[in-house]
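Chain residues, written in single-letter form:
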Amino acid sequence: MEVSLASNQSEWKQVYQDALFEMDQARLGPKLEAALRAVDDRFFEVRSKPPNRRELRELEDAKRTIVFLSKGELEN
């Protein structure tokens, strides 16, 4: 069980980092959407278990960053 939790935690982070470091504007939008889905899915998983405050903070920060980048991407 612990392995799958750690795997899920690292999975959303990988998708998020892929979006953060995408330089191709044509690929950025879809990667931001995938990152937002991964973060939201992980939020759902984390909320149904005893809270890991550090991960919750990381998820909240990631979501704010994705929304910020998405708004900037729409302006281009």
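Note that the structure is predicted; figures quoted are calculated from it, not measured.

A. Structural view of the overall build of the chain. When you go through the chain residue by residue, the secondary structure sums to three helices and zero strands. Each helix and strand of the chain, placed in order from N terminus to C terminus, yields the pattern α-α-α. Each of the 76 residues in the chain was classed as buried or not, and the buried ones make up 24%. A fraction of 60% describes how many contacts in the chain between residues 6 or more apart in sequence connect residues 24 or more apart. Accessible surface, the chain: about 5600 Å² in total, of which carbon and sulfur atoms supply 55%.

B. Spatial organisation of the side chain of Glu22. Its place among the elements puts Glu22 in the loop between helix 1 (2-20) and helix 2 (25-47). A polar contact of 2.9 Å, which involves the side chain of Glu22, links it to the backbone nitrogen of Asp24. One polar contact links Glu22 to Lys31, side chain to side chain, over a distance of 2.8 Å.

C. Local environment of the nonpolar core. In this structure, Trp12, Val39, Leu59 and Ile66 are the most contacted members of the largest nonpolar core, which totals 14 residues. Where this core is concerned, the elements lending two or more residues are helix 1, helix 2 and helix 3 (53-75). Sorting elements by how many residues they give to this core places helix 2 first, with seven residues. Beyond its immediate stretch of four places on either side in the chain, Leu59 contacts Trp12, Val39, Arg42, Phe43 and Val46.

D. Representation of the pattern of salt bridges in the model. Applying the stated rule across the entire model yields seven salt bridges. Arg42 is paired through a salt bridge with Glu55; the nearest N and O atoms lie 2.6 Å apart. Separated by 13 residues along the polypeptide, Arg42 in helix 2 and Glu55 in helix 3 bring together distant segments of the chain. Measuring nitrogen to oxygen at the nearest pair gives 3.5 Å for the salt bridge that ties Arg54 to Glu58. Taken together, the positions of Arg54 and Glu58, both in helix 3 and four residues apart, correspond to about one turn of that helix. Here Arg54 falls in the exposed class, since its relative accessible area comes to 58%. Each of Lys13, Arg54 and Glu58 takes part in salt bridges that share partners, so that together they form one network.

E. Seen up close, the environment of Trp12. Structurally, Trp12 is set in helix 1. When its relative accessible area of 3% is taken as the criterion, Trp12 is described as buried. Expressed as a C-alpha distance, the spacing of Trp12 and Phe43, which sit 31 residues apart in the sequence, is 10.0 Å. Once you skip the residues sitting within four places of it in the chain, Trp12 turns out to touch Ala38, Val39, Arg42, Glu55, Glu58, Leu59 and Ala62.

Calculation criteria
- Residues numbered from 1 in each chain as written.
- Predicted model: local features only at pLDDT ≥ 70, side-chain atom pairs only at ≥ 80, totals over all residues.
- Heavy atoms only, no water.
- Helix = DSSP H or I, 4+ residues; strand = E, 2+ residues; numbered from the N terminus.
- Buried < 20%, exposed > 50% of the residue type's maximum accessible area, 1.4 Å probe, protein only.
- Contact = heavy atoms within 4.5 Å.
- Areas by Shrake-Rupley, 256 points an atom, 1.4 Å probe, with all protein chains shown as cover.
- Polar contact = N/O pair within 3.5 Å; in protein donor to acceptor, adjacent residues only side chain to side chain.
- Core = buried A, V, L, I, M, F, W, Y, C linked by side-chain atoms within 4.5 Å.
- Salt bridge = Lys/Arg side-chain N within 4 Å of Asp/Glu carboxyl O.

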